Amino acid sequence: MRTAAAIIPSILLGAGLLAAGLHAASAPGARWTEEERATIQSLSLEALPPLPEDPSNKVADDPRAAELGRALFFDTRLSVNGEVACASCHLPERQFQDDVPLARGVGTTARRTMPIAGMARSPFLFWDGRKDSLWSQALGPLESAVEHGGSRTQYAHVVAAHYRTSYEAVFGPLPKVNQLPVQAGPVDDPESTRAWAAMPEIDREAVNQVFANIGKAIAAYERTIQPAPTRFDAYASALGSGGAGNLTDDEIAGLRLFVGKGQCVNCHNGPLLTDNHFHNTGVPAAAGLPEDQGRAFGAKLVREDPFNCLGKYSDAGEGDCSELRFMVTDGHELLRAFKTPSLRGAAGRPPYMHAGQIATLAEVVAHYSAAPEAPAGHSELRPINLSEMERRQLIAFLATLNPKPDSAGSKGF
Amino acid sequence: MLTLTSRRMLLFGISALVLAAGIAAAGAMMRSVPDNLDLALEKPTAAGLYKAAIAPEAASIVVGSMHAWTATVRTPSGSPVKAARIGINGGMPRHGHGLPTSPQVTRSLGDGRYLIEGMKFNMRGWWTLDLAIDGPKGPDTVTFNLVL
(Lines give C-alpha, C1' and ligand atoms only; values in the text may rest on other atoms or scores of the structure.)
Protein backbone atom coordinates (compact mmCIF):
# COMPACT_ATOMS: atom_id res chain seq x y z
CA MET A 1 0.00 0.00 0.00
CA ARG A 2 2.80 2.37 0.88
CA THR A 3 4.34 1.79 -2.49
CA ALA A 4 1.07 2.45 -4.23
CA ALA A 5 0.54 5.64 -2.23
CA ALA A 6 3.95 6.89 -3.25
CA ILE A 7 3.37 6.14 -6.91
CA ILE A 8 0.08 8.03 -7.27
CA PRO A 9 1.49 11.46 -6.42
CA SER A 10 4.36 10.85 -8.85
CA ILE A 11 1.92 10.10 -11.64
CA LEU A 12 -0.09 13.18 -10.81
CA LEU A 13 3.05 15.28 -10.72
CA GLY A 14 4.15 13.79 -14.03
CA ALA A 15 0.79 14.58 -15.58
CA GLY A 16 1.03 18.11 -14.22
CA LEU A 17 4.45 18.62 -15.75
CA LEU A 18 3.23 17.20 -19.03
CA ALA A 19 0.25 19.54 -19.07
CA ALA A 20 2.48 22.50 -18.24
CA GLY A 21 4.81 21.51 -21.03
CA LEU A 22 1.98 21.33 -23.54
CA HIS A 23 0.70 24.69 -22.38
CA ALA A 24 4.12 26.27 -22.79
CA ALA A 25 4.58 24.68 -26.19
CA SER A 26 1.31 26.24 -27.30
CA ALA A 27 1.88 29.55 -25.49
CA PRO A 28 -0.88 31.76 -26.83
CA GLY A 29 1.34 34.67 -27.78
CA ALA A 30 3.60 32.44 -29.80
CA ARG A 31 0.81 31.01 -31.92
CA TRP A 32 -0.39 34.17 -33.60
CA THR A 33 0.83 35.02 -37.04
CA GLU A 34 2.14 38.54 -37.60
CA GLU A 35 -1.07 39.32 -39.46
CA GLU A 36 -3.24 38.11 -36.60
CA ARG A 37 -1.10 39.97 -34.10
CA ALA A 38 -1.55 43.18 -36.06
CA THR A 39 -5.28 42.63 -36.25
CA ILE A 40 -5.51 42.01 -32.51
CA GLN A 41 -3.53 45.13 -31.72
CA SER A 42 -5.71 47.17 -34.08
CA LEU A 43 -8.64 46.34 -31.77
CA SER A 44 -6.89 47.63 -28.67
CA LEU A 45 -7.61 50.94 -26.96
CA GLU A 46 -3.93 51.69 -27.43
CA ALA A 47 -4.70 52.00 -31.14
CA LEU A 48 -7.47 54.54 -30.52
CA PRO A 49 -6.43 57.88 -32.04
CA PRO A 50 -7.11 61.16 -30.22
CA LEU A 51 -10.73 62.25 -30.22
CA PRO A 52 -11.30 64.08 -33.52
CA GLU A 53 -12.65 67.61 -33.46
CA ASP A 54 -16.29 68.20 -34.26
CA PRO A 55 -16.29 71.19 -36.63
CA SER A 56 -20.10 71.27 -36.51
CA ASN A 57 -20.00 72.14 -32.79
CA LYS A 58 -17.70 75.02 -31.88
CA VAL A 59 -18.15 74.39 -28.14
CA ALA A 60 -17.52 70.65 -28.41
CA ASP A 61 -14.33 70.87 -26.37
CA ASP A 62 -15.26 73.80 -24.12
CA PRO A 63 -15.26 72.55 -20.51
CA ARG A 64 -17.95 75.10 -19.58
CA ALA A 65 -20.18 73.67 -22.28
CA ALA A 66 -19.47 70.15 -21.04
CA GLU A 67 -20.42 71.17 -17.50
CA LEU A 68 -23.64 72.77 -18.72
CA GLY A 69 -24.31 69.69 -20.84
CA ARG A 70 -23.74 67.40 -17.87
CA ALA A 71 -26.34 69.32 -15.87
CA LEU A 72 -28.81 69.21 -18.76
CA PHE A 73 -28.18 65.50 -19.27
CA PHE A 74 -29.44 64.73 -15.77
CA ASP A 75 -32.23 67.33 -15.63
CA THR A 76 -35.75 65.85 -15.66
CA ARG A 77 -37.21 69.33 -16.19
CA LEU A 78 -36.33 68.77 -19.84
CA SER A 79 -39.44 66.64 -20.31
CA VAL A 80 -43.16 67.14 -20.62
CA ASN A 81 -43.92 65.47 -17.29
CA GLY A 82 -40.83 66.53 -15.37
CA GLU A 83 -39.75 62.93 -14.91
CA VAL A 84 -37.49 62.11 -17.86
CA ALA A 85 -33.87 63.11 -18.38
CA CYS A 86 -31.31 61.77 -20.85
CA ALA A 87 -29.95 59.85 -17.87
CA SER A 88 -33.28 58.09 -17.37
CA CYS A 89 -32.39 55.72 -20.21
CA HIS A 90 -28.65 56.42 -20.43
CA LEU A 91 -27.79 55.29 -16.91
CA PRO A 92 -24.21 56.23 -16.01
CA GLU A 93 -23.78 53.21 -13.74
CA ARG A 94 -25.00 50.90 -16.54
CA GLN A 95 -22.75 51.94 -19.46
CA PHE A 96 -25.23 54.74 -20.18
CA GLN A 97 -27.95 52.29 -21.26
CA ASP A 98 -30.97 50.83 -19.49
CA ASP A 99 -30.93 47.02 -19.79
CA VAL A 100 -34.43 46.80 -21.31
CA PRO A 101 -35.41 45.79 -24.86
CA LEU A 102 -37.21 49.05 -25.66
CA ALA A 103 -36.35 52.39 -24.10
CA ARG A 104 -38.97 53.92 -21.84
CA GLY A 105 -39.43 57.66 -21.50
CA VAL A 106 -42.88 59.19 -21.12
CA GLY A 107 -43.91 56.26 -23.32
CA THR A 108 -42.19 53.27 -24.87
CA THR A 109 -39.97 53.61 -27.93
CA ALA A 110 -39.40 51.10 -30.73
CA ARG A 111 -35.65 50.84 -30.18
CA ARG A 112 -33.04 49.65 -27.71
CA THR A 113 -31.11 52.41 -25.90
CA MET A 114 -27.56 52.68 -27.19
CA PRO A 115 -24.59 53.23 -24.87
CA ILE A 116 -22.61 56.48 -25.19
CA ALA A 117 -18.92 55.69 -24.64
CA GLY A 118 -16.94 56.47 -27.76
CA MET A 119 -19.99 57.68 -29.71
CA ALA A 120 -18.24 60.98 -30.38
CA ARG A 121 -16.24 59.05 -32.96
CA SER A 122 -19.26 57.83 -34.86
CA PRO A 123 -20.23 59.69 -38.05
CA PHE A 124 -23.87 58.66 -37.69
CA LEU A 125 -25.92 58.20 -34.56
CA PHE A 126 -28.90 56.00 -33.63
CA TRP A 127 -29.41 52.45 -34.91
CA ASP A 128 -30.49 53.85 -38.28
CA GLY A 129 -27.98 56.70 -38.41
CA ARG A 130 -30.67 59.36 -38.70
CA LYS A 131 -28.40 61.92 -37.03
CA ASP A 132 -24.89 62.91 -38.00
CA SER A 133 -23.50 64.47 -34.83
CA LEU A 134 -23.74 63.98 -31.10
CA TRP A 135 -25.40 67.37 -30.70
CA SER A 136 -28.01 66.72 -33.32
CA GLN A 137 -28.64 63.27 -31.85
CA ALA A 138 -29.35 64.77 -28.44
CA LEU A 139 -32.20 66.81 -29.93
CA GLY A 140 -34.11 63.79 -31.22
CA PRO A 141 -35.28 62.27 -27.93
CA LEU A 142 -36.13 65.71 -26.54
CA GLU A 143 -38.85 66.08 -29.19
CA SER A 144 -39.94 62.44 -29.31
CA ALA A 145 -43.48 61.98 -28.03
CA VAL A 146 -42.45 58.77 -26.24
CA GLU A 147 -39.14 59.95 -24.80
CA HIS A 148 -38.92 63.44 -23.27
CA GLY A 149 -42.20 64.46 -24.86
CA GLY A 150 -41.64 68.22 -24.62
CA SER A 151 -41.06 70.92 -27.19
CA ARG A 152 -38.52 73.55 -28.21
CA THR A 153 -40.14 76.48 -26.41
CA GLN A 154 -40.47 74.44 -23.22
CA TYR A 155 -36.74 73.74 -23.29
CA ALA A 156 -35.93 77.38 -24.03
CA HIS A 157 -38.00 78.32 -20.97
CA VAL A 158 -36.11 75.79 -18.83
CA VAL A 159 -32.74 77.17 -19.96
CA ALA A 160 -33.86 80.76 -19.31
CA ALA A 161 -35.18 79.91 -15.87
CA HIS A 162 -32.42 77.63 -14.60
CA TYR A 163 -29.31 77.90 -16.77
CA ARG A 164 -29.18 81.50 -17.98
CA THR A 165 -25.76 82.32 -16.55
CA SER A 166 -23.98 79.18 -17.64
CA TYR A 167 -25.71 79.20 -21.03
CA GLU A 168 -24.80 82.83 -21.74
CA ALA A 169 -21.20 82.25 -20.67
CA VAL A 170 -20.88 79.69 -23.44
CA PHE A 171 -23.27 80.82 -26.15
CA GLY A 172 -23.87 84.54 -25.54
CA PRO A 173 -27.14 86.27 -24.71
CA LEU A 174 -30.32 84.22 -24.59
CA PRO A 175 -33.16 85.59 -26.65
CA LYS A 176 -36.29 86.87 -24.93
CA VAL A 177 -38.47 83.93 -24.00
CA ASN A 178 -41.31 85.47 -21.94
CA GLN A 179 -43.54 85.89 -24.98
CA LEU A 180 -43.11 82.30 -26.13
CA PRO A 181 -45.83 79.67 -25.67
CA VAL A 182 -45.17 77.16 -22.90
CA GLN A 183 -45.22 74.35 -25.45
CA ALA A 184 -44.50 74.92 -29.12
CA GLY A 185 -42.47 73.01 -31.66
CA PRO A 186 -42.65 70.73 -34.69
CA VAL A 187 -43.66 67.69 -32.65
CA ASP A 188 -46.41 65.08 -32.70
CA ASP A 189 -48.65 67.02 -30.32
CA PRO A 190 -51.03 69.03 -32.55
CA GLU A 191 -51.40 71.92 -30.09
CA SER A 192 -47.65 72.42 -29.90
CA THR A 193 -47.43 72.25 -33.67
CA ARG A 194 -50.16 74.87 -34.07
CA ALA A 195 -48.53 77.14 -31.52
CA TRP A 196 -45.21 76.78 -33.33
CA ALA A 197 -46.75 77.65 -36.68
CA ALA A 198 -48.34 80.75 -35.14
CA MET A 199 -45.02 82.11 -33.84
CA PRO A 200 -43.19 84.80 -35.80
CA GLU A 201 -40.33 83.41 -37.88
CA ILE A 202 -37.81 85.45 -35.91
CA ASP A 203 -38.93 83.78 -32.68
CA ARG A 204 -38.86 80.32 -34.21
CA GLU A 205 -35.35 81.00 -35.45
CA ALA A 206 -34.18 82.19 -32.02
CA VAL A 207 -35.70 79.14 -30.33
CA ASN A 208 -34.11 76.81 -32.87
CA GLN A 209 -30.74 78.29 -32.02
CA VAL A 210 -31.26 77.75 -28.29
CA PHE A 211 -32.45 74.21 -29.03
CA ALA A 212 -29.35 73.47 -31.12
CA ASN A 213 -27.16 74.92 -28.37
CA ILE A 214 -28.76 72.61 -25.79
CA GLY A 215 -27.68 69.73 -28.03
CA LYS A 216 -24.19 71.17 -28.41
CA ALA A 217 -23.74 71.45 -24.65
CA ILE A 218 -24.98 67.90 -24.08
CA ALA A 219 -22.63 66.72 -26.84
CA ALA A 220 -19.69 68.47 -25.15
CA TYR A 221 -20.47 66.42 -22.03
CA GLU A 222 -20.96 63.18 -23.97
CA ARG A 223 -17.60 63.64 -25.67
CA THR A 224 -16.00 63.15 -22.27
CA ILE A 225 -17.52 59.66 -21.94
CA GLN A 226 -14.84 57.37 -23.24
CA PRO A 227 -14.38 53.60 -23.16
CA ALA A 228 -12.46 52.14 -20.23
CA PRO A 229 -9.59 49.65 -20.48
CA THR A 230 -10.46 45.96 -20.52
CA ARG A 231 -8.67 42.67 -19.96
CA PHE A 232 -8.49 42.30 -23.72
CA ASP A 233 -6.59 45.61 -23.96
CA ALA A 234 -4.09 44.34 -21.41
CA TYR A 235 -3.66 41.17 -23.47
CA ALA A 236 -3.15 43.10 -26.71
CA SER A 237 -0.65 45.32 -24.97
CA ALA A 238 1.24 42.30 -23.63
CA LEU A 239 1.32 40.80 -27.14
CA GLY A 240 2.87 44.01 -28.38
CA SER A 241 5.68 43.79 -25.87
CA GLY A 242 6.30 40.09 -26.44
CA GLY A 243 4.45 38.85 -23.38
CA ALA A 244 2.03 35.92 -23.24
CA GLY A 245 -0.84 37.96 -21.86
CA ASN A 246 -3.50 37.39 -19.30
CA LEU A 247 -6.33 35.61 -21.10
CA THR A 248 -7.41 32.03 -20.51
CA ASP A 249 -7.14 29.38 -23.19
CA ASP A 250 -10.87 29.59 -23.86
CA GLU A 251 -10.75 33.37 -24.17
CA ILE A 252 -7.82 33.16 -26.56
CA ALA A 253 -9.59 30.50 -28.59
CA GLY A 254 -12.56 32.86 -28.74
CA LEU A 255 -10.34 35.70 -29.90
CA ARG A 256 -8.97 33.42 -32.61
CA LEU A 257 -12.51 32.72 -33.77
CA PHE A 258 -13.30 36.43 -33.60
CA VAL A 259 -10.51 37.40 -35.98
CA GLY A 260 -10.69 34.20 -38.03
CA LYS A 261 -13.42 31.65 -38.68
CA GLY A 262 -16.14 33.72 -37.04
CA GLN A 263 -15.38 36.73 -39.27
CA CYS A 264 -16.68 38.98 -36.49
CA VAL A 265 -13.79 41.37 -37.06
CA ASN A 266 -15.02 42.22 -40.53
CA CYS A 267 -17.60 44.58 -39.06
CA HIS A 268 -16.49 44.75 -35.44
CA ASN A 269 -13.13 46.30 -36.27
CA GLY A 270 -10.94 49.05 -34.86
CA PRO A 271 -10.46 49.93 -31.19
CA LEU A 272 -14.19 50.37 -30.63
CA LEU A 273 -14.96 47.08 -32.40
CA THR A 274 -17.37 48.69 -34.81
CA ASP A 275 -17.05 49.84 -38.40
CA ASN A 276 -19.66 52.52 -37.64
CA HIS A 277 -21.60 51.32 -40.63
CA PHE A 278 -24.98 49.74 -41.27
CA HIS A 279 -25.58 46.08 -42.04
CA ASN A 280 -28.53 43.78 -42.53
CA THR A 281 -27.59 40.71 -40.52
CA GLY A 282 -30.97 39.05 -40.66
CA VAL A 283 -32.00 40.11 -37.19
CA PRO A 284 -35.60 39.00 -36.68
CA ALA A 285 -38.34 41.60 -36.60
CA ALA A 286 -39.44 42.58 -33.11
CA ALA A 287 -42.86 41.22 -32.27
CA GLY A 288 -45.58 43.83 -31.97
CA LEU A 289 -43.63 46.69 -33.55
CA PRO A 290 -44.22 48.36 -36.91
CA GLU A 291 -41.96 47.40 -39.82
CA ASP A 292 -38.50 48.86 -39.24
CA GLN A 293 -36.60 49.75 -42.42
CA GLY A 294 -33.45 50.71 -40.53
CA ARG A 295 -30.89 52.68 -42.52
CA ALA A 296 -33.19 52.90 -45.57
CA PHE A 297 -35.30 55.37 -43.62
CA GLY A 298 -32.51 56.81 -41.46
CA ALA A 299 -30.52 57.96 -44.49
CA LYS A 300 -33.47 59.96 -45.75
CA LEU A 301 -34.10 61.49 -42.34
CA VAL A 302 -30.53 62.66 -41.80
CA ARG A 303 -30.34 64.17 -45.27
CA GLU A 304 -33.45 66.25 -44.61
CA ASP A 305 -32.62 67.13 -41.01
CA PRO A 306 -32.29 70.91 -40.47
CA PHE A 307 -29.84 70.15 -37.65
CA ASN A 308 -27.44 68.12 -39.81
CA CYS A 309 -23.83 69.03 -40.61
CA LEU A 310 -24.79 71.10 -43.66
CA GLY A 311 -27.67 72.89 -41.93
CA LYS A 312 -27.74 76.49 -40.71
CA TYR A 313 -27.28 75.52 -37.05
CA SER A 314 -24.08 73.63 -37.77
CA ASP A 315 -20.76 75.40 -37.26
CA ALA A 316 -19.13 73.31 -39.99
CA GLY A 317 -18.18 74.34 -43.49
CA GLU A 318 -19.27 72.19 -46.41
CA GLY A 319 -15.82 70.62 -46.58
CA ASP A 320 -16.29 69.32 -43.04
CA CYS A 321 -19.39 67.33 -43.91
CA SER A 322 -18.02 64.62 -46.17
CA GLU A 323 -19.80 61.81 -44.31
CA LEU A 324 -23.14 63.44 -45.06
CA ARG A 325 -22.28 64.61 -48.57
CA PHE A 326 -21.07 61.21 -49.70
CA MET A 327 -23.35 58.90 -47.76
CA VAL A 328 -25.27 56.17 -49.54
CA THR A 329 -28.88 57.28 -49.65
CA ASP A 330 -30.64 54.48 -51.46
CA GLY A 331 -30.25 50.90 -52.62
CA HIS A 332 -31.34 47.51 -51.36
CA GLU A 333 -28.44 47.24 -48.92
CA LEU A 334 -29.98 49.90 -46.69
CA LEU A 335 -33.17 47.98 -46.04
CA ARG A 336 -33.16 46.70 -42.46
CA ALA A 337 -29.51 47.62 -42.14
CA PHE A 338 -28.68 48.70 -38.60
CA LYS A 339 -25.59 50.21 -37.09
CA THR A 340 -22.81 47.91 -35.94
CA PRO A 341 -22.63 48.40 -32.17
CA SER A 342 -19.34 48.60 -30.32
CA LEU A 343 -18.65 45.34 -28.53
CA ARG A 344 -16.86 47.04 -25.66
CA GLY A 345 -18.94 46.15 -22.63
CA ALA A 346 -21.54 44.37 -24.77
CA ALA A 347 -21.31 41.12 -22.82
CA GLY A 348 -22.50 43.06 -19.78
CA ARG A 349 -25.52 44.70 -21.33
CA PRO A 350 -28.18 42.33 -22.64
CA PRO A 351 -30.64 42.32 -24.33
CA TYR A 352 -29.27 42.73 -27.84
CA MET A 353 -30.04 44.18 -31.26
CA HIS A 354 -31.87 47.32 -32.27
CA ALA A 355 -35.08 46.39 -30.50
CA GLY A 356 -33.58 44.19 -27.81
CA GLN A 357 -35.18 41.21 -29.50
CA ILE A 358 -32.38 38.76 -28.64
CA ALA A 359 -32.17 38.17 -24.92
CA THR A 360 -28.74 36.64 -24.39
CA LEU A 361 -25.25 36.70 -25.83
CA ALA A 362 -25.46 32.94 -26.42
CA GLU A 363 -28.48 33.50 -28.64
CA VAL A 364 -26.70 36.32 -30.47
CA VAL A 365 -23.74 34.07 -31.24
CA ALA A 366 -26.11 31.29 -32.29
CA HIS A 367 -27.81 33.78 -34.64
CA TYR A 368 -24.55 34.76 -36.30
CA SER A 369 -23.50 31.12 -36.54
CA ALA A 370 -26.73 30.01 -38.23
CA ALA A 371 -27.24 33.17 -40.34
CA PRO A 372 -31.01 32.97 -40.89
CA GLU A 373 -32.63 34.85 -43.75
CA ALA A 374 -33.62 38.43 -43.11
CA PRO A 375 -37.30 39.26 -42.56
CA ALA A 376 -36.85 41.96 -45.24
CA GLY A 377 -33.94 42.87 -47.48
CA HIS A 378 -30.96 40.54 -47.63
CA SER A 379 -28.72 39.42 -44.80
CA GLU A 380 -25.01 39.84 -45.40
CA LEU A 381 -24.30 36.82 -43.22
CA ARG A 382 -23.38 33.34 -44.34
CA PRO A 383 -23.60 30.38 -41.95
CA ILE A 384 -20.36 29.72 -40.12
CA ASN A 385 -21.61 26.73 -38.13
CA LEU A 386 -19.73 27.23 -34.91
CA SER A 387 -19.65 24.20 -32.63
CA GLU A 388 -21.02 24.44 -29.12
CA MET A 389 -17.48 24.71 -27.79
CA GLU A 390 -16.59 27.43 -30.28
CA ARG A 391 -19.66 29.42 -29.32
CA ARG A 392 -18.73 29.13 -25.66
CA GLN A 393 -15.19 30.28 -26.45
CA LEU A 394 -16.44 33.24 -28.44
CA ILE A 395 -18.65 34.30 -25.55
CA ALA A 396 -15.70 33.92 -23.19
CA PHE A 397 -13.69 36.26 -25.38
CA LEU A 398 -16.49 38.82 -25.61
CA ALA A 399 -16.53 39.01 -21.81
CA THR A 400 -12.89 40.14 -21.90
CA LEU A 401 -14.19 43.34 -23.54
CA ASN A 402 -16.02 44.33 -20.38
CA PRO A 403 -14.43 47.22 -18.49
CA LYS A 404 -12.07 46.02 -15.81
CA PRO A 405 -13.78 46.28 -12.39
CA ASP A 406 -10.92 48.36 -11.05
CA SER A 407 -10.68 50.80 -13.96
CA ALA A 408 -11.81 54.38 -13.56
CA GLY A 409 -15.37 54.84 -14.72
CA SER A 410 -15.77 51.09 -15.16
CA LYS A 411 -19.39 51.16 -14.09
CA GLY A 412 -20.49 53.34 -16.90
CA PHE A 413 -17.28 53.69 -18.86
CA MET B 1 -6.07 51.54 -36.49
CA LEU B 2 -4.75 49.88 -39.61
CA THR B 3 -2.82 52.14 -41.89
CA LEU B 4 -0.79 51.79 -44.99
CA THR B 5 1.73 54.45 -44.39
CA SER B 6 2.59 55.89 -47.74
CA ARG B 7 1.54 55.74 -51.32
CA ARG B 8 4.52 53.59 -52.02
CA MET B 9 3.64 51.39 -49.10
CA LEU B 10 0.12 51.08 -50.42
CA LEU B 11 1.31 49.64 -53.69
CA PHE B 12 3.81 47.33 -52.14
CA GLY B 13 1.79 46.72 -49.01
CA ILE B 14 -1.07 45.34 -51.03
CA SER B 15 1.11 42.74 -52.71
CA ALA B 16 2.73 41.84 -49.43
CA LEU B 17 -0.61 41.28 -47.73
CA VAL B 18 -1.88 39.04 -50.49
CA LEU B 19 1.34 37.10 -50.47
CA ALA B 20 1.12 36.75 -46.71
CA ALA B 21 -2.36 35.35 -47.09
CA GLY B 22 -1.18 32.78 -49.57
CA ILE B 23 1.62 31.45 -47.46
CA ALA B 24 0.46 31.96 -43.93
CA ALA B 25 -3.33 31.60 -44.20
CA ALA B 26 -3.77 34.55 -41.89
CA GLY B 27 -7.37 35.42 -41.16
CA ALA B 28 -10.67 34.59 -42.75
CA MET B 29 -10.65 37.88 -44.60
CA MET B 30 -7.29 37.18 -46.11
CA ARG B 31 -8.32 33.67 -47.07
CA SER B 32 -11.21 35.11 -49.02
CA VAL B 33 -8.87 36.86 -51.43
CA PRO B 34 -8.65 34.87 -54.66
CA ASP B 35 -5.33 33.70 -56.00
CA ASN B 36 -3.68 35.67 -58.77
CA LEU B 37 -5.83 38.74 -58.19
CA ASP B 38 -4.88 41.55 -60.58
CA LEU B 39 -3.77 44.32 -58.26
CA ALA B 40 -2.63 46.78 -60.93
CA LEU B 41 -3.70 50.33 -60.22
CA GLU B 42 -3.23 51.29 -63.84
CA LYS B 43 -4.82 49.30 -66.66
CA PRO B 44 -6.75 49.50 -69.94
CA THR B 45 -10.50 49.81 -69.65
CA ALA B 46 -12.61 46.76 -70.49
CA ALA B 47 -13.15 47.63 -74.17
CA GLY B 48 -9.73 49.21 -74.52
CA LEU B 49 -11.00 52.75 -75.15
CA TYR B 50 -8.92 54.30 -72.39
CA LYS B 51 -6.15 53.67 -69.94
CA ALA B 52 -7.15 54.41 -66.35
CA ALA B 53 -5.16 54.73 -63.17
CA ILE B 54 -6.12 55.39 -59.57
CA ALA B 55 -4.02 56.58 -56.65
CA PRO B 56 -4.88 57.61 -53.09
CA GLU B 57 -4.41 61.30 -52.30
CA ALA B 58 -3.44 60.82 -48.68
CA ALA B 59 -0.14 59.42 -47.52
CA SER B 60 -1.99 56.73 -45.58
CA ILE B 61 -5.31 54.99 -45.84
CA VAL B 62 -7.02 54.40 -42.54
CA VAL B 63 -9.84 51.87 -42.43
CA GLY B 64 -12.98 53.76 -41.45
CA SER B 65 -11.77 57.24 -42.47
CA MET B 66 -12.97 59.33 -45.39
CA HIS B 67 -10.29 60.08 -47.93
CA ALA B 68 -9.77 61.09 -51.55
CA TRP B 69 -8.27 59.39 -54.60
CA THR B 70 -7.17 60.62 -57.98
CA ALA B 71 -8.28 58.93 -61.17
CA THR B 72 -6.27 59.49 -64.32
CA VAL B 73 -7.80 58.79 -67.72
CA ARG B 74 -5.73 58.65 -70.89
CA THR B 75 -6.18 57.40 -74.40
CA PRO B 76 -4.43 54.10 -75.24
CA SER B 77 -1.62 56.17 -76.76
CA GLY B 78 -1.21 58.12 -73.53
CA SER B 79 -2.93 61.45 -74.22
CA PRO B 80 -4.90 62.85 -71.28
CA VAL B 81 -8.67 62.64 -71.53
CA LYS B 82 -9.79 65.99 -70.22
CA ALA B 83 -13.57 65.80 -70.46
CA ALA B 84 -14.50 62.46 -69.01
CA ARG B 85 -17.48 61.82 -66.80
CA ILE B 86 -16.71 59.17 -64.23
CA GLY B 87 -19.15 57.17 -62.15
CA ILE B 88 -17.79 55.24 -59.17
CA ASN B 89 -19.03 52.00 -57.73
CA GLY B 90 -17.53 49.02 -56.01
CA GLY B 91 -17.71 46.81 -53.00
CA MET B 92 -16.53 43.55 -51.51
CA PRO B 93 -17.30 40.68 -53.90
CA ARG B 94 -16.96 37.99 -51.25
CA HIS B 95 -19.13 39.83 -48.76
CA GLY B 96 -21.91 40.77 -51.10
CA HIS B 97 -21.98 44.45 -50.18
CA GLY B 98 -21.05 47.65 -51.95
CA LEU B 99 -18.97 50.61 -50.89
CA PRO B 100 -20.05 52.12 -47.57
CA THR B 101 -20.11 55.58 -49.13
CA SER B 102 -21.08 57.08 -52.44
CA PRO B 103 -17.83 58.58 -53.77
CA GLN B 104 -17.97 61.13 -56.55
CA VAL B 105 -15.63 62.98 -58.85
CA THR B 106 -15.86 66.51 -57.48
CA ARG B 107 -13.51 68.26 -59.89
CA SER B 108 -11.07 67.90 -62.72
CA LEU B 109 -7.45 68.43 -61.74
CA GLY B 110 -6.26 68.87 -65.33
CA ASP B 111 -4.20 66.60 -67.57
CA GLY B 112 -6.81 63.88 -67.46
CA ARG B 113 -6.73 63.73 -63.66
CA TYR B 114 -9.91 63.77 -61.59
CA LEU B 115 -10.44 64.11 -57.85
CA ILE B 116 -12.58 61.41 -56.25
CA GLU B 117 -13.94 62.45 -52.87
CA GLY B 118 -15.94 60.47 -50.34
CA MET B 119 -13.98 57.23 -50.41
CA LYS B 120 -14.08 55.01 -47.35
CA PHE B 121 -13.30 51.40 -46.61
CA ASN B 122 -15.04 50.21 -43.48
CA MET B 123 -13.24 46.89 -43.19
CA ARG B 124 -10.18 45.05 -44.37
CA GLY B 125 -10.19 42.53 -47.18
CA TRP B 126 -10.68 42.43 -50.93
CA TRP B 127 -12.42 45.46 -52.42
CA THR B 128 -13.23 46.34 -56.00
CA LEU B 129 -13.46 49.87 -57.33
CA ASP B 130 -15.38 50.20 -60.57
CA LEU B 131 -15.09 53.28 -62.74
CA ALA B 132 -17.65 53.93 -65.47
CA ILE B 133 -15.86 56.33 -67.80
CA ASP B 134 -17.71 58.31 -70.41
CA GLY B 135 -15.28 60.24 -72.61
CA PRO B 136 -14.83 61.37 -76.20
CA LYS B 137 -14.46 57.80 -77.43
CA GLY B 138 -17.61 56.64 -75.70
CA PRO B 139 -18.41 54.78 -72.48
CA ASP B 140 -16.17 52.11 -71.01
CA THR B 141 -15.56 50.56 -67.62
CA VAL B 142 -12.65 49.40 -65.56
CA THR B 143 -12.44 47.49 -62.29
CA PHE B 144 -9.56 47.79 -59.88
CA ASN B 145 -8.87 45.33 -57.07
CA LEU B 146 -7.64 46.54 -53.71
CA VAL B 147 -6.66 44.44 -50.74
CA LEU B 148 -6.51 46.18 -47.38
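In this numbering scheme, every chain counts its residues from 1 along its sequence in written order. In the order they appear in the text, chains get letters beginning with A and ligands get numbers beginning with 1. Given that this is a predicted model, residues contribute local features only at a pLDDT of at least 70 and side-chain atom pairs are listed and counted only at 80 or more, while totals for whole chains, interfaces and linings are drawn from all residues.

Secondary structure is summarised from DSSP: a helix means a run of H or I of at least four residues, a strand means a run of E of at least two, and numbering begins at the N terminus for each. Looking only at helices and strands, chain A features 15 helices and 2 strands. The principal-axis extent of the C-alpha atoms belonging to chain A is close to 100 × 45 × 45 Å. Residues with at least 20 neighbouring C-beta atoms inside 10 Å of their own are called buried, those with 12 or fewer are called exposed, and the rest are partly exposed, where every C-beta is derived from the backbone. In chain A, which comprises 413 residues, the share counted as buried stands at 47%. Of the contacts made within chain A by residues no fewer than 6 positions apart, 73% connect residues no fewer than 24 positions apart. Contact definition: two residues whose C-beta atoms, as placed from backbone geometry, lie within 7 Å.

It is worth spelling out the overall build of chain B at this point. Each helix and strand counted, chain B has 2 helices and 11 strands in total. Relative to its full complement of 148 residues, chain B shows a buried share of 36%.

Our focus in this paragraph is the environment of B:Gly135. Residue and element names in this part refer to chain B. Here glycine 135 shows up in strand β10 (residues 126–135). C-alpha separation for the pair glycine 135 and alanine 83, spaced 52 residues apart in sequence, amounts to 6.2 Å. Contacts of glycine 135, omitting those with residues within four sequence positions, involve Tyr50, Val73, Val81, Ala83 and Ala84.

Our focus in this paragraph is the sheet that holds strand β6 (residues 85–92) of chain B. Residue and element names in this part refer to chain B. Spatial ordering of the open sheet is given by β7-β6-β10-β11, a layout of 4 strands whose pairing is antiparallel. Unpaired on one side and paired on the other, β7 (97–98) and β11 (138–147) mark the two borders of the sheet. In this description, strands pair whenever DSSP reports at least two bridges between them. In the sheet, β6 pairs with β10 via 7 bridges, with the strands oriented antiparallel. Across the sheet, the residue bridging to asparagine 89 is aspartate 130, located in β10.

Residues and elements named next belong to chain B. Spatially, the 5 strands line up as an open sheet ordered β2-β3-β5-β9-β8, and their pairing is antiparallel. Either end of the sheet is taken by a strand with one partner, and the two such strands are β2 (42–44) and β8 (104–110). Averaged over all adjacent pairs, the angle separating strand axes in this sheet is 25°, with direction ignored. Where helices are involved, their axes are fitted lines through C-alpha atoms of the stretch in contact, as for all axes, and angles between N-to-C directions lie from 0 to 180°.

It is worth spelling out the domain arrangement of chain A at this point. Residues and elements named next belong to chain A. Residue ranges labeled as domains rest on an automatic or database domain assignment. Along its sequence, chain A is carved into domain 1 (28–48 + 229–294 + 335–399) and domain 2 (63–222). On a C-alpha basis, the centroid separation for the pair domain 1 and domain 2 is 32 Å. At the junction of the two partners, domain 1 supplies 21 residues and domain 2 supplies 20 residues. Residue polarity follows a fixed list, in which Ala, Val, Leu, Ile, Met, Phe, Trp, Tyr, Cys and Pro are nonpolar, Asp, Glu, Lys and Arg are charged, and the others, Gly among them, are polar. Its residues assigned to classes, the side of domain 1 that touches domain 2 comprises 9 nonpolar, 8 polar and 4 charged.

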